[in-house]
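Structural overview
The primary structure of each chain is shown beneath.
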Amino acid sequence: MASTFKCFALSLVALFSIVHAAKFQGYNFYRGNGPVSSGLVTEGATLMLNGKPLRILSGAIHYFRVVPEYWEDRLTKLKAAGLNTVETYVPWNLHEPRPGVFDFDGILDIKNFIETAKRLDLLVIFRPGPYICAEWEFGGLPSWLLTIPGMKVRSNNKPYLDATNRYLENLIPRIADLQFQKNGPIILVQVENEYGAYGNDTVFMDASKQQLVTHGIVETFVTSDGPKDLTTGTATNVWMTVNEKNDMGTHLDTLKSLQPNKPLMVMEYWSGWFDHWNENHHTISLKKFSLELRAILSRNASVNFYVFFGGTNFGFLNGANFALENLSMPYEPTITSYDYDAILSEGGKLTAKWHRTREILQEFGLLADDLPQPPADVPAFAYGQVIFQQWMSLDVSQLHTKNHTYCPLVLFQK
């Protein structure tokens, strides 16, 4: 009897999916042909964008972790999976490598990346930090901050806020006209990143939000934090979202209790996990991935897969974990690969999670019937054995020995 009921229930789900199959609803659908009446509204049970209900189905693709030649390939595969939105961080330390010197060209051409998303009919979640974490060097903060007297990062500290203000003064005007209310695809902008795990200074968070407003952000603001840090990581009158990979139903229920009159969203549903040196590659089983995704969608929540595509930590820009409060803990550097066991592999190939994501969206009636076919996988090439002729020790004490030879590298220098 139980198996018969299960088959009947699955049949109803399949029928529901067929009946509710619809055209893709991305930027063009929500923008329409007339004037924009509103940006993203986060009141009530359902998100509204320009007067129309929106379910954000998003995936993270960091433009700085994949060469520009592959941006369209990765974004098209995101859309083909059934997602309507792409999310990206912005790495301050690459865009301002030296104080007052800015770089927005090539792999750092954030405007071009967002314009590519718009051309593909995708919406955009913009997460400019200035702190981003992202398993990235110093969480995206430039190292030269530490040379400034009196500096205290991620705080209501004048030297820090002066530096973030100059950065945002140069970043935001470059993408301001790509906001939804100005005929662009950006619908949501995040203030800081998982601040609740670091501090609880609402004055600082409000100052960070105000800097974004001052330099031209007009769209809806959001914060994202782990389940235990939601109330300490927020700013005044800002929509809260949650980050996790386990027990998603419980965490969304907690979020609902904190925001009973707002829609639910998982800003980071962790599709896998990152790797440190000397660790085995982390994976999340297809069964576990599917179970938690169904828990999210069954609560009518929006979701951003972190990450949809991980890419590569080029150069020495991989981050690291180190517990300052417990110096006996080891220093744990992230590896060069940011494969993450994600929905696309580091090389951009479709994985079993890509196919399962489509299947589950279909189950919930969320898969459009006019999606593009994913591009063919980019051919891979075996380079064989590479012999290093020069090297640099990671032991600083050796750099000053008389006969030591090393080859220092300057990364991302033109």
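Our subject is the structure listed above.
Remember, predicted model here, so these are calculated numbers, not experimental data. (Residues numbered from 1 in each chain as written. Predicted model: local features only at pLDDT ≥ 70, side-chain atom pairs only at ≥ 80, totals over all residues. Heavy atoms only, no water.)

To continue, consider the sheet that holds strand 2 (residues 47-49). Taken in spatial order, the 3 strands line up as 1-2-3 in an open sheet, and their pairing is antiparallel. Looking at which strands have only one partner, the edges of the open sheet turn out to be strand 1 (40-41) and strand 3 (52-54). In this structure, strand 2 lies alongside strand 3, joined through 3 bridges in antiparallel fashion. Paired with Met48 across the two strands is Pro53, which belongs to strand 3. (Pairing = 2+ DSSP bridges. Helix = DSSP H or I, 4+ residues; strand = E, 2+ residues; numbered from the N terminus.)

Here we come to the sheet that holds strand 6 (residues 123-127). Strand order in this closed barrel of 8 strands is 4-5-6-7-8-9-10-11, and the pairing throughout is parallel. With strand direction ignored, the average angle separating the axes of adjacent strands in the sheet is 30°. Alignment of strand 9 (residues 239-244) against strand 10 (residues 265-270), held across 3 bridges, turns out to be parallel. The partner of Val242 across the bridge, within strand 10, is Val266. Packed onto the sheet, helix 8 (residues 248-258) meets strand 9 and strand 10 and runs at close to 165° relative to strand 9. (Axes fitted to C-alpha atoms, helices over the stretch in contact; angles between N-to-C directions. Contact = heavy atoms within 4.5 Å.)

The packing of two helices is summarised by the inter-axis angle and the distance between the axes. For the pair helix 6 (residues 158-175) and helix 7 (residues 202-214), the least separation of the axes is 9 Å and the interaxial angle reads 30°. Taken together, the axes of helix 6 and helix 7 are roughly parallel relative to one another. The way helix 6 lies across helix 7 gives a crossing that is right-handed. Of the residues in helix 7, those touching helix 6 at Tyr160, Leu161, Thr164, Asn165, Leu168 and Ile172 are Phe204, Ala207, Gln211 and Leu212. The residue inventory of the contact of helix 6 with helix 7, partitioned by class, reads 7 nonpolar, 3 polar and no charged. (Parallel < 35°, antiparallel > 145°, perpendicular 65-115°, else oblique. Left-handed = near helix turned anticlockwise from the far one by under 90°. Nonpolar A, V, L, I, M, F, W, Y, C, P; charged D, E, K, R; others polar.)

Grouped together as the largest cluster of nonpolar side chains are 94 residues, with contacts concentrated most on Phe126 and Phe308. Looking at this core element by element, the count peaks at 8 residues for helix 6. Other than its neighbours up to four places away in sequence, Phe308 contacts Gly59, Ala60, Ile61, Arg74, Lys77, Leu78, Ala81, Leu83, Ala342, Ile343, Leu344 and Trp354. Counting residues in hydrophobic clusters, the runner-up holds 16 residues, among them Ile56, Leu188, Val222 and Trp239. (Core = buried A, V, L, I, M, F, W, Y, C linked by side-chain atoms within 4.5 Å. Buried < 20%, exposed > 50% of the residue type's maximum accessible area, 1.4 Å probe, protein only.)

Turning next to a nonpolar patch on the surface. A cluster of nonpolar side chains, Phe322, Leu324, Leu327 and Tyr331, forms an exposed patch at the surface whose accessible area comes to about 500 Å². Mapping Phe322 onto the fold places it in the loop between strand 12 (320-321) and strand 13 (332-333). (Patch = residues over 30% accessible without salt bridge, like charges linked within 9 Å, V, L, I, M, F, W, Y side chains within 5 Å. Areas by Shrake-Rupley, 256 points an atom, 1.4 Å probe, with all protein chains shown as cover. Salt bridge = Lys/Arg side-chain N within 4 Å of Asp/Glu carboxyl O.)

Applying the stated criterion to the full structure yields 16 salt bridges. Ionic pairing is found between Arg166 and Glu96, a salt bridge with its closest N-O pair at 2.9 Å. Residue Arg166 is found in helix 6, and its partner Glu96 is found in the loop between helix 4 (92-95) and helix 5 (110-119); the two are separated by 70 residues along the sequence. Classification of Arg166 by relative accessible area gives partly exposed; the value is 27%. The salt bridge partner of Lys111 is Asp177, with a shortest N-O separation of 3.8 Å. A residue pair is termed long-range when its members are at least 10 positions apart, and Lys111 in helix 5 and Asp177 in the loop between helix 6 and strand 7 (186-190) qualify at 66 residues. The class for Lys111 is partly exposed, based on a relative accessible area of 30%. Shared partners join several salt bridges into a network, and the residues in it are Asp73, Arg74, Lys77 and Asp377.

Moving on: the environment of Ala295. Tracing the backbone through its elements, the reader meets Ala295 in helix 9 (residues 286-298). Taking C-alpha positions, Ala295 is 9.1 Å from Leu252, a pair spaced 43 residues apart along the chain. For Ala295, the contacting residues outside a window of four places in its chain are Met248, Gly249 and Leu252.

Here the focus is the pairing of strand 10. Among the 6 residues of strand 10, 6 are classified as buried, and the element is accordingly described as predominantly covered. The parallel pair strand 9 and strand 10 is bridged by helix 8, and the resulting crossover is right-handed. Taken together, the 4 bridges between strand 10 and strand 11 (residues 302-309) define a ladder with parallel strand orientation. By the bridge assignment for strand 11, Trp270 is matched with Tyr306. (Right-handed = clockwise from strand over helix to strand, strands pointing away.)

Two residues of an α-helix separated by three or four positions point the same way, owing to the 3.6 residues in each turn. Its 13 residues give helix 9 an end-to-end C-alpha distance of 18 Å, which sits within 8% of 18 Å, the value for a rise of 1.5 Å per residue. Among the residues of helix 9, Phe289, Ser290, Glu292, Leu293, Ala295, Ile296 and Leu297 are the ones counted as buried. Looking at the buried positions of helix 9, the neighbouring elements they touch are strand 4 (57-61), helix 8, strand 10, strand 11 and helix 10 (352-363). Downstream of helix 9 by a residue or two, Asn300 has a phi angle that is positive, lying close to 60°. (Expected span 1.5 Å × (residues − 1).)

Counted according to the given criterion, the structure contains 25 aromatic pairs. Pairing Tyr63 with Trp71 gives two aromatic rings, centres 6.5 Å apart and planes at 85°, and the pair type is edge-to-face. Residue Tyr63 is classed as buried on the basis of its relative accessible area, which comes to 0%. Judged by its relative accessible area of 2%, Trp71 falls in the buried class. Ring pairs connect the aromatic residues Tyr89, Trp270, Trp273, Phe274, Tyr306, Tyr338 and Tyr340, which therefore count as one cluster. (Phe/Tyr/Trp six-rings, centres within 6.5 Å; stacked < 30°, edge-to-face > 60°.)

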